Amino acid sequence: MGSGFVDATSALDPGLILDSTYDDYMSFLCGINGSGPVVLNYTGQNCCGYNSTIGSADLNLPSITIARLNQSKTVERTVTNIAGNETYKIGWSAPYGVSMKVTPTRFFIGMGEKQVMTIIFNATMNQSVASFGKIGLFGDRGHKLGIPLSVIVKLSYNTTNS
């Protein structure tokens, strides 16, 4: 995954972008156990100002990594249209050992508008190594967006005897 050449022409007109703010990254960094002093050292800001934390899978990046999928996890991605009005269809290929659903499967988005996609991952079997998949968004004006997926499934079972 990820090998090949950059299509510079397409990069100049991407259609959809996934945007994260400075505060999103700060909430993510401050949510890592023990990161407060390091964040303060590099940014000059105290993590106390960031009450909510964002997990790595929930940062609005153009990829999704779930290091430990136990049963199920719901993730959202918000895309912003920086081109003209367009209708997108969504397709996906689930990582091995995972079933998944993306909603909506089709949407219209105007210039400057945002669209939230909900992705539900369900573990179907244990895996000790990462498996890979992808989500593709295909616009009727030719724009394409790929979101690579990486998941390690670790199912936990209740083994307590009653």
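Residues numbered from 1 in each chain as written. Predicted model: local features only at pLDDT ≥ 70, side-chain atom pairs only at ≥ 80, totals over all residues. Heavy atoms only, no water.

### Focus: the environment of His143
Rules: Secondary structure elements are defined from DSSP: runs of H or I of at least 4 residues count as helices, runs of E of at least 2 residues count as strands, and each element is numbered from the N terminus. For every residue, the accessible area obtained with a 1.4 Å probe (protein chains only) is divided by the maximum for its type, and the residue is called buried under 20%, exposed over 50%, and partly exposed between those limits. Note on definitions: a residue-residue contact is assigned when non-hydrogen atoms from the two residues lie within 4.5 Å. Here a polar contact means two N or O atoms within 3.5 Å. Within protein one must be a hydrogen donor candidate and the other an acceptor candidate, and residues neighboring in sequence count only if both atoms are side-chain atoms.
Looking at the secondary structure, you find His143 in the loop between strand 8 (131-139) and strand 9 (144-153). Exposure remark for His143: the relative accessible area of 7% places this residue in the buried category. Linking His143 and Val39, residues 104 residues apart in sequence, is a C-alpha distance of 37 Å. With sequence-adjacent residues up to four places away left out, His143 is seen in contact with Asp13, Pro14, Gly15, Ala83, Glu86, Tyr88, Leu137 and Phe138. Here the side chain of His143 touches Glu86 through a polar contact of 2.6 Å, side chain to side chain.

### Looking at the pattern of salt bridges
Where side chains of opposite charge bring their charged atoms close, a pairing between them can arise. Put simply, the test is: In the sections that follow, a salt bridge refers to a side-chain nitrogen of Lys or Arg positioned within 4 Å of a carboxyl oxygen of Asp or Glu.
This structure, assessed with the given rule, holds one salt bridge. In this structure, Asp58 engages Lys73 in a salt bridge whose closest nitrogen and oxygen atoms are separated by 3.9 Å. Remark: Lys73 occurs in strand 3 (residues 72-81) and Asp58 occurs in the loop between helix 3 (36-43) and strand 2 (64-69); sequence separation between them is 15 residues. For Lys73, a relative accessible area of 28% puts it in the partly exposed group.

### Details of the sheet that holds strand 3
To keep things clear, this is the line we draw: Any two strands with at least two DSSP bridges between them are considered paired. To define axes, lines are fitted to C-alpha atoms, for helices over the stretch in contact only, and angles between the resulting N-to-C directions are given on a 0 to 180 degree scale.
If you trace the four strands from one edge of the open sheet to the other, you get 1-3-7-5, paired in antiparallel fashion. The sheet terminates laterally at strand 1 (16-18) and strand 5 (98-103), the two strands that pair on one side only. In this sheet, neighbouring strand axes are inclined to one another by 30° on average, regardless of whether the strands run parallel or antiparallel.

These values are about where atoms sit, not about what they do.
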